[in-house]
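Now for the letters of each chain:
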There are 2 protein chains.
Amino acid sequence: MLNKFCKKPLYEVTRTMARVAMGEEKAETVIRNARLVNVCTAEIQEGIDVAIAEGRIALVGDASHCIGPDTKVIDAAGQYIAPGFMDGHIHVESSMITVGEYARAVVPHGTTGIFMDPHEICNVCGKEGVKLMIEDAKRAPLKAMSNAPSCVPAVAGFEDTGASILAEDIREMMTWDGIMGLGEMMSFPNVLGAEENIHGELAETLKSDNIITGHYSVPDTGMGLNAYIASGARCCHESTRAEDVLEKMRRGMYAQIRYGSAWHDLPIIIKAVLDNKIDDRYACLVSDDTHPDTLVGEGHIVHIVRRAIKEGLDPIKAIQYVTINTATCYSMEHEMGSIAPGKCADIVFFNDLNDIRITRTMIDGEVVAENGEMTVDIPAATFPDNVKNTMHVGEKITAESFKIAAPEGAGDTVKTRVIEIIPNRVGNYERIMDLSVTDGFVEQDPATDIMKMAVFERHHETGTKGVGFLTGFGFKKGAMAQTVSHDAHNLLVAGTNDEDMALAANTLIECGGGLCAVADGKVLAVVPLPIAGLMNDLPAAEVAAQVEELDKAWKEMGCVINSPYMTMALIPLACLPELRLTNRGLVDCRTFSFSKLFC
Amino acid sequence: MLNKFCKKPLYEVTRTMARVAMGEEKAETVIRNARLVNVCTAEIQEGIDVAIAEGRIALVGDASHCIGPDTKVIDAAGQYIAPGFMDGHIHVESSMITVGEYARAVVPHGTTGIFMDPHEICNVCGKEGVKLMIEDAKRAPLKAMSNAPSCVPAVAGFEDTGASILAEDIREMMTWDGIMGLGEMMSFPNVLGAEENIHGELAETLKSDNIITGHYSVPDTGMGLNAYIASGARCCHESTRAEDVLEKMRRGMYAQIRYGSAWHDLPIIIKAVLDNKIDDRYACLVSDDTHPDTLVGEGHIVHIVRRAIKEGLDPIKAIQYVTINTATCYSMEHEMGSIAPGKCADIVFFNDLNDIRITRTMIDGEVVAENGEMTVDIPAATFPDNVKNTMHVGEKITAESFKIAAPEGAGDTVKTRVIEIIPNRVGNYERIMDLSVTDGFVEQDPATDIMKMAVFERHHETGTKGVGFLTGFGFKKGAMAQTVSHDAHNLLVAGTNDEDMALAANTLIECGGGLCAVADGKVLAVVPLPIAGLMNDLPAAEVAAQVEELDKAWKEMGCVINSPYMTMALIPLACLPELRLTNRGLVDCRTFSFSKLFC
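Residues numbered from 1 in each chain as written. Chains lettered and ligands numbered in written order. Predicted model: local features only at pLDDT ≥ 70, side-chain atom pairs only at ≥ 80, totals over all residues. Heavy atoms only, no water.

Right, let's get into the sheet that holds strand β21 (residues 451-456) of chain B. Strand pairing within a sheet occurs via backbone hydrogen bonds; the two strands may be parallel or antiparallel. Residues and elements named next belong to chain B. Read from one edge of the open sheet, nine strands run β20-β19-β18-β22-β21-β24-β23-β25-β26, paired in mixed fashion. This sheet does not close on itself; its edge strands, each paired only once, are β20 (441-442) and β26 (522-528). Here helix α16 (residues 540-556) sits on the sheet and contacts β23 (479-482), β25 (514-519) and β26; the angle it forms with β26, its principal contact strand, is near 145 degrees. (Pairing = 2+ DSSP bridges. Helix = DSSP H or I, 4+ residues; strand = E, 2+ residues; numbered from the N terminus. Contact = heavy atoms within 4.5 Å. Axes fitted to C-alpha atoms, helices over the stretch in contact; angles between N-to-C directions.)

The structure is reproduced here in structure tokens:
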């Protein structure tokens, strides 16, 4: 695949490469005396120099003859060097920061390339949102290679999104410079069912010689997995069992072993790879979703590499999993993923192979970060007004908005379908509970952990909303709201009383979206995410600090689970079992049909 | 890279793939109960079925549900199945048969794909010759993927060829459906020297997202090799030392380990790979040049696989070297090189992993050979008249044509530059010898093993010829001629007397080129190669039998070396040390200058 993410295409600079390697022209930069992590042959090579020009590697070996008076010489002094680390599947929006700020957070930790799926912003802003992410990336040296979101909306017919994507949109996006492939094809039932539009998306991607990234999340390694792979999906980050990952690799699918902030599939899977002693060229490491606090505290994919090594994986292999293997997955191994002649000079430096801490990051031959900080400027971005103005709720929200009338003829109580969450899991339960009726309305009851919730359509002022009840969070008071609510990202509000719910909702409408917690008529914490209601252009550390404040507020309100906003954010995702609430109402995700609130 | 060599592109059949895998549509063919050589994970898997439709694999595993009344079921009965074998670097012309007949010879031995470099015919017929090879391939199921010859002529300025190739020709050929990459870039001095046209060829190839195949044949693993790889060369079949192949793999270059009829680099190189315990994803096996008798006697690349196993290479790895590794080298691993869902159903069957003998070959889901024979018809080809009429010598050749006048004032002898061949080596020596002068002419002397030789330009009737003397073959009588004479493939004649030389030359002119041996005014043996003077459309066995007759004739004439036609064929190749004879005269290949015959 032709690469548009390097400083210059190789075809423009082959003569320079040859001349620099031969010493006829001097290198711009030479790294001397490094320990090379050679991912091509899985060896460590001592005393290696690297000569660089035009952002590419001209020579690996002895570069004495490549040094001239203007050559910048970096003495590695025996440090390890490895190819820059790449994350093969990542949603930047999950970190609640822009691509530019994401770059600032991850590049100092050795991430030089990401294959991002801007699925979230696409649900809000459509193709324009995807374009915006690609444009935003250009202000930072990080190679942010984008996939075109494939499943917008995630579950057609059950929710209202800001946009929708069809095969013809995929055809268009495949012609964009920044696009490398199709975003995770979550609609695997439609792949297996040979549905026309979804297969149209696959076909458009294959026709353009791009990569189909997968999402096959059911514990089936038989006919369904085969049908999915045979339809062209090249990788999948959804393996949670040893047998999933083994079977995917055996069937020629790249197993992107995931270790995100909320998804900890890695340990069991690494063990499976090790125990089976298989050729692991189809193994990669990815993060999928990372909270801003994880980025700040642990770094990005290097954190996952360290964890894999801790689980017993050979460090050279762990590095292969985030370099050459990922590059090969995307048909980019001729351009990146190894320190070899002709490749982009994306290089990381570190001291300890068993506890990798990046001290210097080079991208396209330029040192862009040292000792945890960027050494190059990332200019401020400007985002178009419409992307910063996405709160289009079709009604003025007041406490009245949350009233839920009991069905006619109801007595003191009414049998109601309640969503019960399961902490740290994506699934939930449908519970049938007797809720009490007061003056003809069904109400919250903090004493028995019954919250009310509502999802307001916020893209097209349709004025639609879904309402329901929720248990499991343990809130004793107050309310919360958030516009990070997968995948339609409508305005989700939950609380113990209608007044606080209205305040929470209006707080977010006012600040352009985000997350907030209120109690007793006061805003306790707010994380403004004015860009599409999903991101803020603040640095990761500042957003992480805001999220920490929010965490405290939730605890103050009595919340008993960790990272409740992640669990909350999945409640509207109408493809996860069992009961979900979208702006159109309750959805039974076992039967894919709408459910009545009252039985 | 988009693949135009499968029955149908995947994007046209993803829905069928899904439906067949799910059992909604029935498979066209199902292989049952096989032992799968899984090249993705390097494992043997027992009891595997493969379901096939539209020439592609829909499912690997249990295919019970894919079988309908019209499904062809092949019971593997526990036989091994592996992906079809591919040869990543091959000159079909070296086997002296057409691509169609080459397919007939190799497909029953398990070759399902070749990456051919029709360099020889291009020297004679130019781009039209390349197109002819691609067209010819279409009559047979073998996937003959072509590279565009890069170095025509091989040594510009020192010989006359039928055609020449410039960067603009490469640009054109890169748009052809049958072209996958640039043929072996032999002109490595020009790559290292940043020469404009050669780098133009590299650039055109890279721009079209195709593969540059290499030929780096000097024992240098330093700056030269780096310059060569940095200029974009992706693979190289010219490693003869352990350190060459190791260094190439370390620098991210595919090491195509060669075991051709005349090139036996494999044993020493396999040992190097084994001893170093390196990741060998960059290792492939190739044949480069194969004589028709090797094809008939041993088979094609399977013979090389067997040899690699004999040298200690793990059989699964040996199979990876001719399947997934080769496919990845050409960015084709998403289409071929593994038995996995979505891939082309190119599959071979065999009984013994340690002594692989192919019993059945399937290409695009169809059984095309069984028990050593094709089971499908290969229709006869018609070749255009101009390609069968390439003997354009500019003079009527008689015994007089071979007279070499002694320099004025010469006495009984004259100090003459003589080419001394080295049996089984590509190099030769320049010897200064005293040759006797008779009636003002310098003559052959069989008693001291001095043959006369001449190279006649045969493409454009320029009437140019080079003459010289030769020692080392041991001919006691007669003469030989051949139009297989690298790389210009002019008419080469050598002999012990001028009359037989004229007969040999005219015999070939009459039959359109080939090889022949004559003695005492009689033709002892002739191998007619009427297609470009390089190939015959006869089956390999028949051509092999003709070559055997020729061998006998040579022996009868006193020849002391094996396969003399190979050694002879390299005498005009003006890039090999030390002294060469082209149609323009003697060339000193140490200094790249013309030499005088007499000192």
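This is not the end of the story, as more comes after the structure.
Let us look at the side chain of Asp136 of chain A. Residues and elements named next belong to chain A. Assignment of secondary structure puts Asp136 in helix α4 (residues 127-137). Taking the relative accessible area as the measure of exposure, Asp136 reaches 5% and is therefore buried. Filtering out sequence-adjacent residues up to four positions away, Asp136 remains in contact with Thr98, Val99, Gly100, Ala381 and Phe383. (Buried < 20%, exposed > 50% of the residue type's maximum accessible area, 1.4 Å probe, protein only.)

Let us look at the pairing of β21 of chain B. Residue and element names in this part refer to chain B. Along β21, six of the six residues are buried, which leaves the element largely enclosed by surrounding structure. Alternating residues of β21 divide into Met451, Met453 and Val455 and Lys452, Ala454 and Phe456, and every residue in both groups is buried. The sheet contact formed by β21 and strand β22 (residues 465-471) spans six bridges and is antiparallel. Pairing of Phe456 across the sheet is with Lys465, part of β22.

Our next topic: the packing of aromatic side chains. Evaluated as defined, the whole model comprises 20 aromatic pairs over all chains. Note on Phe115 of chain A and Tyr330 of chain A: the rings are 3.7 Å apart at their centroids and 5 degrees apart in plane angle, and the pair reads as stacked. Note that Phe115 of chain A is positioned in strand β7 (residues 111-116) and Tyr330 of chain A in the loop between α14 (324-329) and β14 (347-350), a separation of 215 residues in sequence. The exposure classification of Phe115 of chain A matches that of Tyr330 of chain A, with both residues buried. Taken together, a centroid distance of 6.1 Å and an interplanar angle of 15 degrees make the contact between Trp554 of chain B and Tyr565 of chain B stacked. Here the residue Trp554 of chain B occupies a position in helix α16, and Tyr565 of chain B occupies one in helix α17 (residues 564-569), the gap between them amounting to eleven residues. An identical accessibility class is assigned to Trp554 of chain B and Tyr565 of chain B; each is buried. Chaining the aromatic ring pairs together yields one cluster made of Phe158, Phe592 and Phe594 of chain A. (Phe/Tyr/Trp six-rings, centres within 6.5 Å; stacked < 30°, edge-to-face > 60°.)

What follows is about helix α15 (residues 498-511) of chain B. Residues and elements named next belong to chain B. Along its 14 residues, α15 runs 20 Å from first to last C-alpha, staying within 8% of the 20 Å computed at 1.5 Å per residue. Every buried residue of α15 is accounted for by Asp498, Asp500, Met501, Ala502, Ala504, Ala505, Thr507 and Leu508. Its buried side turned inward, α15 meets β21, β23, β24 (491-495), β25 and β26. For α15, the N-terminal cap is Asn497; the gap from its side-chain oxygen to the backbone nitrogen of Glu499 is 3.3 Å. (Expected span 1.5 Å × (residues − 1). Polar contact = N/O pair within 3.5 Å; in protein donor to acceptor, adjacent residues only side chain to side chain.)

With that settled, consider the packing of helix α8 (residues 223-230) of chain A against helix α1 (residues 10-22) of chain B. At a closest axis distance of 8 Å, the pairing of α8 of chain A and α1 of chain B adopts a crossing angle of 175 degrees. Looking at the two axes, α8 of chain A sits roughly antiparallel to α1 of chain B. Contacts from Met223, Gly224, Asn226, Ala227 and Ala230 of chain A of α8 of chain A reach α1 of chain B at Leu10, Met17, Ala18, Ala21 and Met22 of chain B. Grouping the amino acids of the contact of α8 of chain A with α1 of chain B by side-chain chemistry returns eight nonpolar, two polar and no charged. (Parallel < 35°, antiparallel > 145°, perpendicular 65-115°, else oblique. Nonpolar A, V, L, I, M, F, W, Y, C, P; charged D, E, K, R; others polar.)

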